[in-house]
Amino acid sequence: MKTQAEIKTFAQIVHQYYLDDTFDKSDVEGWLGELECEFVEITQHKVVFSYFDDWYPTRMTVYKSGRTKIETDLDEFP
């Protein structure tokens, strides 16, 4: 499993490819799947996905600005 920093960097790259029209939503889902992440949503401003951090479900939102929101108190996955 990758670290949160590595996952964030990967997600930022995938999001940029989406913004450049290099990737569509299915490409984003596939690439995030490479890190065992479950794609939730992508917009022009953010990408949202879930994964298991050790034993806990985690949702990460990576914004275009570089800000990251990490949620670990999830009732459901993804």
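Our subject is the structure that appears above.
Rules and cut-offs
- Residues numbered from 1 in each chain as written.
- Predicted model: local features only at pLDDT ≥ 70, side-chain atom pairs only at ≥ 80, totals over all residues.
- Heavy atoms only, no water.
- Helix = DSSP H or I, 4+ residues; strand = E, 2+ residues; numbered from the N terminus.
- Rg over C-alpha atoms; globule rule 2.2 N^0.38 Å.
- Buried < 20%, exposed > 50% of the residue type's maximum accessible area, 1.4 Å probe, protein only.
- Contact = heavy atoms within 4.5 Å.
- Pairing = 2+ DSSP bridges.
- Axes fitted to C-alpha atoms, helices over the stretch in contact; angles between N-to-C directions.

Visitor: So what exactly am I meant to see when it comes to the overall build of the protein here?
Guide: Scanning the protein from N- to C-terminus turns up two helices and four strands. Taken from N to C terminus, the helices and strands of the protein fall in the order α-α-β-β-β-β. At 12 Å, the protein has a C-alpha radius of gyration in line with the 12 Å of a compact globule built from 78 residues. Counting only C-alpha atoms and orienting by the principal axes, one finds that the protein spans roughly 35 × 25 × 20 Å. Taking all 78 residues of the protein together, the buried fraction comes to 33%. A sequence separation of at least 24 residues applies to 36% of the contacts in the protein between residues at least 6 apart.

Visitor: Before we go on, may I ask you to explain the pairing of strand β2 (residues 46-53) in this structure?
Guide: Moving residue by residue along a regular strand, the side chains alternate between the two faces of the sheet. By the bridge criterion, four bridges tie strand β1 (residues 38-42) to β2 in an arrangement that is antiparallel. Across the sheet, residue E38 finds its bridge partner in β2, namely S50. The hairpin formed by β1 and β2 contains three residues between the paired strands. Across eight bridges, β2 lies against strand β3 (residues 56-63) in antiparallel orientation. Looking at β3, one finds that F49 is bridged to M60. Where β2 folds back on β3, the antiparallel hairpin that results is connected by two residues, among which D54 adopts a positive phi of roughly 60 degrees.

Visitor: I would appreciate a short explanation of the sheet that holds β1 in the present structure.
Guide: Strands belonging to one sheet form pairs held by backbone hydrogen bonds; the direction of such a pair is parallel or antiparallel. Read across the sheet, four strands follow the order β1-β2-β3-β4 without closing on themselves; strand pairing throughout is antiparallel. Bordering the open sheet on either side are β1 and β4 (68-71), each of which pairs with just one other strand. The mean angle between the axes of side-by-side strands here comes to 20 degrees, regardless of whether they run parallel or antiparallel. Sitting on the sheet, helix α1 (residues 4-19) is in contact with β1, β2, β3 and β4, with an inclination near 150 degrees to β2.

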